[in-house]
Amino acid sequence: MGPADMCTATPSDAAVRMPCAICALGPLCMPEQSGESAPAVRLTRRKVRRGEVLFRRGQSFRAFFAPRTGYFKTFLSDEHGHAQVLDFQMAGDLLGLDGVVDGVHHCEAVALGDAEVCVVEFNDALELCSNAGGVAREFQRQLAQAVARHQRTALHLRAIPSADHRLARFLVDWTGRLRRLGLPGDELLLRMTREELGSLLGLTLETVSRALTRLKRLNVLNVSNRYIEILDVPELRKLAGT
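Model, not experiment: these values are computed from the prediction. (Residues numbered from 1 in each chain as written. Predicted model: local features only at pLDDT ≥ 70, side-chain atom pairs only at ≥ 80, totals over all residues. Heavy atoms only, no water.)

**A short note on the overall build of the protein chain**
What counts, and what does not: Strands are runs of DSSP state E lasting at least 2 residues, helices are runs of H or I lasting at least 4, and numbering of each runs from the N terminus. What the globule rule says is 2.2 Å times the number of residues to the power 0.38, and the radius of gyration is computed from C-alpha atoms. Classification of residues uses two cut-offs on accessible area relative to the type maximum, computed with a 1.4 Å probe and protein chains only: under 20% is buried, over 50% is exposed, and between them is partly exposed. Contacts: residue pairs with any heavy atoms within 4.5 Å of one another. Computed with a 1.4 Å probe, the accessible areas rest on the Shrake-Rupley method; for each residue, only the protein chains presented here act as cover. Charge assignment: positive for Lys and Arg, negative for Asp and Glu; neither His nor the chain ends contribute. All charge positions are set by atom: Lys at NZ, Arg at CZ, Asp at CG, Glu at CD.
Scanning the protein chain from terminus to terminus reveals seven helices and 12 strands. Its C-alpha radius of gyration of 18 Å places the protein chain within 12% of the 18 Å reference for a compact globule of 242 residues. If you line up the protein chain on its principal axes, its C-alpha atoms span 55 × 40 × 30 Å. Within the protein chain, the proportion of its 242 residues that are buried is 48%. Taking the intrachain contacts of the protein chain between residues at least 6 apart in sequence as the baseline, contacts between residues at least 24 apart amount to 71%. Split by element, the accessible area of the protein chain, about 11900 Å² in all, is 51% carbon and sulfur. Charged side chains in the protein chain number 31 positive and 28 negative. The centres of these two groups are separated by 4 Å.

**Structural notes on the layout of surface pockets**
The criterion, for reference: Buriedness of a pocket was judged along seven lines, with at least five required to meet protein on both sides within 12 Å; pockets are open sets of points on a 1 Å grid over the protein atoms alone, cavities are sets where a 1.4 Å probe fits but cannot get out, and lining residues have an atom within 4 Å of a point. Grid points are joined across faces, edges and corners, and a volume is the space filled by probe spheres set on the points.
The volume enclosed by the largest pocket comes to roughly 700 Å³. As for the largest pocket, its lining consists of 34 residues, and the residues nearest its centre are L94, A146, V147, R149 and H150. Secondary-structure elements contributing two or more residues to the lining of the largest pocket are β6 (72-77), β7 (83-89), α3 (133-159) and α4 (163-180). Looking at the lining of the largest pocket, the element that brings in the most residues is α3, giving nine residues.

**Digging into the sheet that holds β6**
To be explicit about the condition: Strand pairing is assigned whenever DSSP detects at least two bridges linking the two strands. Only the stretch in contact is used when fitting a helix axis, every axis being a line fitted to C-alpha atoms; angles between N-to-C directions are given from 0 to 180 degrees.
Taken together, the four strands give an open sheet; going across it, the order is β4-β8-β6-β7, and neighbouring strands pair in antiparallel fashion. Two strands close off the open sheet at either side, each with one partner strand: β4 (53-55) and β7. Adjacent strand axes in the sheet meet at a mean angle of 30° when their direction is disregarded. Pairing of β6 with strand β8 (residues 108-111) involves four bridges; the strand directions are antiparallel.

**With respect to the side chain of R149**
Convention followed: Each polar contact in these results corresponds to two N or O atoms within 3.5 Å; when the atoms are within protein, one needs to be able to donate a hydrogen and the other to accept it, and residues that are neighboring in sequence are counted only if both atoms are side-chain atoms.
In this structure, R149 sits in helix α3. Within the structure, R149 has its side chain in polar contact with the side chain of D87 (distance 2.6 Å). Apart from residues lying up to four places away in sequence, R149 is in contact with D87, F88, D93, D173 and R177.

**What to know about the sheet that holds strand β5 (residues 63-69)**
Two modes of strand pairing occur in sheets, parallel and antiparallel, and in both the strands are linked by backbone hydrogen bonds. Here we have three strands laid out as an open sheet, ordered β3-β9-β5, and antiparallel in their pairing. The two strands at the open ends of the sheet, each matched to only one other strand, are β3 (44-48) and β5. Across this sheet, the average inter-strand angle for adjacent strands is 30°, counted without regard to direction. Of the strand pairs in this sheet, β3 and strand β9 (residues 115-121) are connected by five bridges, and their pairing is antiparallel. Its bridge partner lying in β9, K47 is registered against E116. Relative to the sheet, helix α2 (residues 122-131) contacts β5 and β9, its axis offset from that of β9 by approximately 55°.

**Overview of the nonpolar core**
Which entries qualify depends on this criterion: Side-chain atoms within 4.5 Å link the members of a nonpolar core, which is a set of buried Ala, Val, Leu, Ile, Met, Phe, Trp, Tyr and Cys residues.
Counting residues in hydrophobic clusters, the biggest one holds 36 residues, and the most contacted among them are F170, W174 and L221. For this core, the secondary structure elements donating two or more residues are β7, α4, α5 (194-201), α6 (205-217), β11 (221-224), β12 (227-230) and α7 (233-240). With eight residues, the single largest contributor to this core is α4. Setting aside anything within four residues of it in sequence, one finds F170 in contact with F88, L157, L190, M192, L197, L200 and L201. Ranked by size, the runner-up nonpolar core spans 22 residues in total, among them A24, C129, A132 and F139.

**Description of the pattern of salt bridges**
Quick note on the threshold: The rule for a salt bridge is simple: a side-chain nitrogen of Lys or Arg has to be within 4 Å of a carboxyl oxygen of Asp or Glu.
Inspection of every chain in the model, using the stated rule, returns 11 salt bridges. Between D164 and R214 there is a salt bridge, with the nearest N and O atoms lying 2.8 Å from each other. A residue pair is termed long-range when its members are at least 10 positions apart, and D164 in helix α4 and R214 in helix α6 qualify at 50 residues. Among the residues examined, D164 registers a relative accessible area of 13% and is labelled buried. Judged by relative accessible area, which is 30%, R214 ranks as partly exposed. Taking the shortest distance from any N to any O, the salt bridge between D173 and R177 comes out at 3.9 Å. Of this pair, D173 and R177 both sit in helix α4, four residues apart, which is roughly one turn of that helix. Several salt bridges converge on common partners, so that one network encompasses D93, D173 and R177.

Any functional reading would require information that these geometric values do not contain.
Printed below as a string of C-alpha cells:
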C-alpha cells in the first residue's frame with residue numbers, strides 16, 4: 001500500500017478520503033516516509049460486518065488492526081454479561097495493542113457497523129522494525145500516541161465530576177478526531193448507542209440523555225436521536241475545559 005492508496009470514509013459520513021499516512025500502521029506500510037528503503041510490511045484487508053467480533057478476550061495476540069472504514073468499540077465483560085466500554089475507534093486508529101505485553105488479548109473488539117480493517121501480523125512488524133531503525137522509531141511513536149489517547153479517554157473523562165462536562169469533553173475529542181480524517185466536525189452521527197456512550201463515560205443511559213437535553217436547551221447542540229449538530233463550538237469547548 002503506497003501514498004496513492006487512500007482510505008475511504010463510510011458513505012454516511014461523506015465522500016472523504018483519508019491518506020494512509022495518517023494511519024497508525026503508516027510507518028510499516030510506507031517505510032520511505034521514515035527515510036528507509038526497506039520493503040513495506042505485508043498487509044491484508046478484512047471486511048467486518050456490524051456486530052462481528054474482531055478479537056476476543058483470552059484470544060492469542062497475532063496482529064495489529066487499523067480500521068480503514070467504519071467504527072469499533074473495545075470493552076470488557078464480567079461473568080454476568082455486563083459490558084464496560086473502554087474506548088471507541090475509527091479509521092486510522094490501532095486495535096490489538098492490549099495483546100503486546102503477554103501475547104493474549106485482554107478485551108474484546110466489535111464493529112459498530114460494517115467496516116474494513118487493515119491487518120499486519122505482529123511478527124512481520126517486528127521483523128521490519130528490527131531491520132529499519134527509522135520505521136521502528138516512528139512506529140513506537142504511533143504506539144505511544146495510541147496508549148496516551150487511551151489513558152486520556154479512560155482516566156480524564158471519568159475524573160470530570162459533571163455529566164454535562166464529561167459529555168462535552170467526549171464530543172470535543174470525537175469531533176477533533178473526525179476533523180483529522182477530513183470529516184466535518186460540526187455535525188456527526190454517533191455510531192454508538194447512548195448506553196454504550198454512558199458506559200465509557202461512567203454514566204447511566206438516563207444521565208446521558210438528560211445531559212444531551214440540557215445542552216440542547218442551552219443551544220449548544222441540536223440533537224435528533226443519534227444525529228448531533230454542534231451549534232456553539234466555543235461554549236462546548238468551555239464546558240469541556242479545553
